[in-house]
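One-letter residues, chain by chain:
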Amino acid sequence: MILVDVYIPAVDETYDFMLDENTEIEKIIMEIYEMISKKMQSSKKEHIEEFLLYNMDVKQVLEKHKTLYTSNVKDGSRLMLV
């Protein structure tokens, strides 16, 4: 498990997430989206498949079929959900 900051520009908020570095990024995007939707009490369904995770530290979009580990995301990394 690693601790990362995830910035969500749509709500202009940054959240701390404890994530499993061996989980596929596509699954992580879905989990983050679900948690944020619950927190914002939003029932609006977005096109989740269009969301991306962006590593702000290395200025790189993370490939959905890879894991955080293989994408070199570490403790303290700053990610953005776009």
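Refer to the structure printed above.
An account of the accompanying structure is given in this report. (Residues numbered from 1 in each chain as written. Predicted model: local features only at pLDDT ≥ 70, side-chain atom pairs only at ≥ 80, totals over all residues. Heavy atoms only, no water.)

**Observations concerning a nonpolar patch on the surface**
On the surface, Met1, Leu3 and Met18 cluster together into a nonpolar patch covering about 330 Å² of accessible area. Among the secondary structure elements, Met18 is positioned in strand β2 (residues 13-19). Given the relative accessible area of 53%, Met18 is considered exposed. (Patch = residues over 30% accessible without salt bridge, like charges linked within 9 Å, V, L, I, M, F, W, Y side chains within 5 Å. Areas by Shrake-Rupley, 256 points an atom, 1.4 Å probe, with all protein chains shown as cover. Salt bridge = Lys/Arg side-chain N within 4 Å of Asp/Glu carboxyl O. Helix = DSSP H or I, 4+ residues; strand = E, 2+ residues; numbered from the N terminus. Buried < 20%, exposed > 50% of the residue type's maximum accessible area, 1.4 Å probe, protein only.)

**Considerations on unusual backbone geometry**
For Lys59, which is not a glycine, the phi torsion comes out positive at approximately 55°. You can call Lys59 exposed: its relative accessible area is 64%. Within the chain, Asn72 stands out as a residue other than glycine whose phi angle is a positive 65°. In this structure, Asn72 sits in the loop between β4 (60-61) and β5 (78-81).

**Considering the sheet that holds β5**
Across the sheet, 5 strands lie side by side as β2-β1-β5-β3-β4; this open sheet has mixed pairing. Strands at the two margins of the open sheet, each flanked by one partner only, are β2 and β4. With 3 bridges connecting them, strand β3 (residues 53-55) and β5 associate as antiparallel partners. Across the sheet, the residue bridging to Asn55 is Leu79, located in β5. Packed onto the sheet, helix α1 (residues 25-40) meets β1 (2-8), β2, β3 and β5 and runs at close to 130° relative to β2. (Pairing = 2+ DSSP bridges. Contact = heavy atoms within 4.5 Å. Axes fitted to C-alpha atoms, helices over the stretch in contact; angles between N-to-C directions.)

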